[in-house]
Amino acid sequence: MKSFKNKVWILLFALLPVISIAQGGSGGWCSNNNYSRLFNPATIVELKGTIVTVEKIIPEKGMSNGIHLVLKTEAKENITVHLGPEWYLDNQDILFAAGDKIKIKGSKVTYENKMAIIAMTVWKGDYHLDLRDAKGNPKWNGWKRAQKNKPNR
C-alpha cells in the first residue's frame, strides 16, 4: 500500500507543471478564457469612489481566487470592480481596504447579469496599479518571468 501511495504522489507532482501550463501559469487568469473576453475596449469608463468591501471571487470554473471591490461611486451607486488574481495583488506594493478612496479605469461589462468593471488601472492617493493594457491583456501574463529577468541594481 505504501508503494502505491508513493506512486500517486509522484504522479501528482509530475502533473502539476502540466496543469499550470494548461492554465497559462496564472491560475486560469489568462487572456483567452470566457471571463477575460468580457473586457471590451469600447466600454472604458473612469469612476471615483470609496471602497465598501474587498472580497475574493472565483470568476469562472478553473480559475484561482481573484479580488474584487464593491465601490460606492460619487453618484452613490455600488459597483463591483474586478481587479485580478489574488496571487498577483498580494505581490504588489498597494493594498486596498474598506474606506479607501480610489479612482478606477476599466471596461464596463455584464457579469452574472449585473454591471461590473474589469479594472485596467486603479489609483489610490499617490499610487497607481496597472492591471491590464487598453486591449484587456493582463499585466500578470509573464510577470514572474519578468521578475526573474530584472537586472540587479
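Located above this text is the structure these notes cover.
Residues numbered from 1 in each chain as written. Predicted model: local features only at pLDDT ≥ 70, side-chain atom pairs only at ≥ 80, totals over all residues. Heavy atoms only, no water.

A. Spatial organisation of the pattern of salt bridges. Going through the model one piece at a time under the given rule, you end up with three salt bridges. Between Lys56 and Glu86 there is a salt bridge, with the nearest N and O atoms lying 2.9 Å from each other. Within this pair, whereas Lys56 is found in strand S1 (residues 44-57), its partner Glu86 is found in helix H2 (residues 86-89), the two being separated by 30 residues in sequence. For Lys56, a relative accessible area of 54% translates into the label exposed. Under the relative-accessibility criterion, Glu86 is labelled buried at 16%. (Salt bridge = Lys/Arg side-chain N within 4 Å of Asp/Glu carboxyl O. Helix = DSSP H or I, 4+ residues; strand = E, 2+ residues; numbered from the N terminus. Buried < 20%, exposed > 50% of the residue type's maximum accessible area, 1.4 Å probe, protein only.)

B. Quick look at the nonpolar core. The biggest cluster of nonpolar side chains holds 21 residues, and the ones touching the most others in it are Val81, Leu83, Phe96, Ile102, Ile104, Val122 and Leu131. Elements supplying a minimum of two residues to this core: S1, strand S2 (66-73), strand S3 (78-85), H2, strand S4 (101-111) and strand S5 (114-124). Not counting chain neighbours up to four residues away, the residues in contact with Ile104 comprise Val45, Glu46, Leu47, Leu71, Val81, Ile117, Thr121, Val122 and Trp123. (Core = buried A, V, L, I, M, F, W, Y, C linked by side-chain atoms within 4.5 Å. Contact = heavy atoms within 4.5 Å.)

C. Region of the structure containing unusual backbone geometry. The backbone phi angle of Lys76 is positive, close to 70°, even though this residue is not glycine. Mapping Lys76 onto the fold places it in the loop between S2 and S3. Lys76 gets classed as exposed once you look at its relative accessible area, which sits at 64%.

D. Layout of the pairing of S5. Across three bridges, the pairing between S3 and S5 is parallel. By the bridge assignment for S5, Val81 is matched with Ile117. Bridge analysis of S4 against S5 gives nine bridges, and the strand direction is antiparallel. In the strand pairing of S5, Lys108 is matched with Ile117. (Pairing = 2+ DSSP bridges.)

E. Examining the packing of aromatic side chains more closely. The tally for this structure, following the rule as stated, stands at two aromatic pairs. Between Trp87 and Tyr88, the aromatic rings sit 6.0 Å apart at their centres with planes inclined by 85°, giving edge-to-face as the arrangement. Aromatic side chains Tyr88 and Trp140 sit 5.4 Å apart centroid to centroid with 55° between the ring planes, which places their arrangement in the tilted category. Residue Tyr88 is found in helix H2, and its partner Trp140 is found in the loop between strand S6 (127-130) and helix H3 (143-148); the two are separated by 52 residues along the sequence. (Phe/Tyr/Trp six-rings, centres within 6.5 Å; stacked < 30°, edge-to-face > 60°.)

F. Fine view of the environment of Lys108. Tracing the backbone through its elements, the reader meets Lys108 in strand S4. Look at Lys108 and you get partly exposed, because its relative accessible area is 42%. Sequence separation between Lys108 and Thr43 is 65 residues, and the spatial gap between their C-alpha atoms is 5.4 Å. Ignoring sequence-local partners within four residues, the contact set of Lys108 consists of Thr43, Val45, Met115, Ala116 and Ile117.

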